[in-house]
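Below, each chain spelled out in residue letters.
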Amino acid sequence: MSVFAGWGMRATVWASIVCVGLALCATSADAGTRVSARTQSYEISGKTGAALLDDMDRRGPRQGFLTRAIAQTSYSLSWTIEWAETRSACRVSSVDGVVDITYTYPAAKGLSPALERRWNRFLSGVRRHERVHGDIARQMARAIEKSVSRVYVGDDRGCRKARAQTKRIMAEITDDHEARQRRYDLREHREGGAVERLIDQLIKD
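Just so it is clear, the model here is predicted, and its values are computed rather than measured. (Residues numbered from 1 in each chain as written. Predicted model: local features only at pLDDT ≥ 70, side-chain atom pairs only at ≥ 80, totals over all residues. Heavy atoms only, no water.)

Colleague: Which residues make up the confidence of the model for the chain, and what values go with them?
Modeller: Scored by pLDDT, the chain comes out at a mean of 84, with 83% of its residues at no less than 70. When the elements of the chain are averaged for pLDDT, strand β1 (residues 14–22) gives the smallest value, 36, and strand β7 (residues 152–153) the largest, 97. Contacts of residues 1–31 to residues separated by more than four positions or lying in other chains number 111 contacts, the stretch itself having pLDDT below 50. (pLDDT = per-residue confidence, 0-100. Helix = DSSP H or I, 4+ residues; strand = E, 2+ residues; numbered from the N terminus. Contact = heavy atoms within 4.5 Å.)

Shown next as structure tokens:
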């Protein structure tokens, strides 16, 4: 995970909980991915932009064991899948997914007017960055839903092959979108990139 000047902008948790229910000859139910998003904050203080960055480094959400992030997008995915077995074939009859996204941002009070203006611009950029991570998580869930809903395997009594295929699909799509998350961070954290510009604007006198 990319870190700029000791301050990573995000640390994302990819957690998949797959709940599979086997319903023989089940009828199709309404399926879809539901997204729940919430925002939380942690308090920081400082009289200068550099001091605010130092406090984020002390108080920000953990990014691994030794570092902390400026902001964080974490999410979990849970799935309920129903199967329909007809003769010897098995298909997915419904897919219900839930994506829970939590955004964590720093919050600063008591700033001078000039610093508050810089802080607001900085925080706006941070939020824009994290929303992209949230969007990638949403896209991942919808891609999983779309692909899994098409699963059909002949000669599969008990749906064992279909369940194994579903797990492979989920793993492949998750890996692909995790790679997208990392590529996005690499672009944002590169030298002269968006993160460096945000920090430079905040700490300028």
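Don't stop here, the text continues.
Colleague: Give me the nonpolar core: which residues, what numbers.
Modeller: Soluble, globular proteins show a tendency: their nonpolar side chains are buried together. Leu52, Met56, Trp119 and Phe122 are the most contacted members of the largest nonpolar core, which has 42 residues in total. At the level of secondary structure, the elements contributing two or more residues to this core comprise β2 (32–44), α1 (49–59), β5 (72–86), β6 (89–108), α2 (113–148), α3 (160–189) and α4 (194–203). Leave out the neighbours within four places in its chain, and Leu52 touches Ile44, Ser45, Gly46, Ala108, Leu111, Leu115, Trp119 and Leu202. (Core = buried A, V, L, I, M, F, W, Y, C linked by side-chain atoms within 4.5 Å. Buried < 20%, exposed > 50% of the residue type's maximum accessible area, 1.4 Å probe, protein only.)

Colleague: Tell me about the layout of surface pockets, and name the residues and values.
Modeller: Put simply, the largest pocket is a space of about 160 Å³. Broken down by secondary-structure element, the contributors of at least two residues to the lining of the largest pocket are α2, α3 and α4. Of the residues assigned to the lining of the largest pocket, the class counts are four nonpolar, three polar and four charged. (1 Å grid on protein atoms, 1.4 Å probe; cavity = no way out; pocket = protein on both sides within 12 Å on 5 of 7 lines; lining within 4 Å. Points joined across faces, edges and corners; volume = space filled by probe spheres on them. Nonpolar A, V, L, I, M, F, W, Y, C, P; charged D, E, K, R; others polar.)

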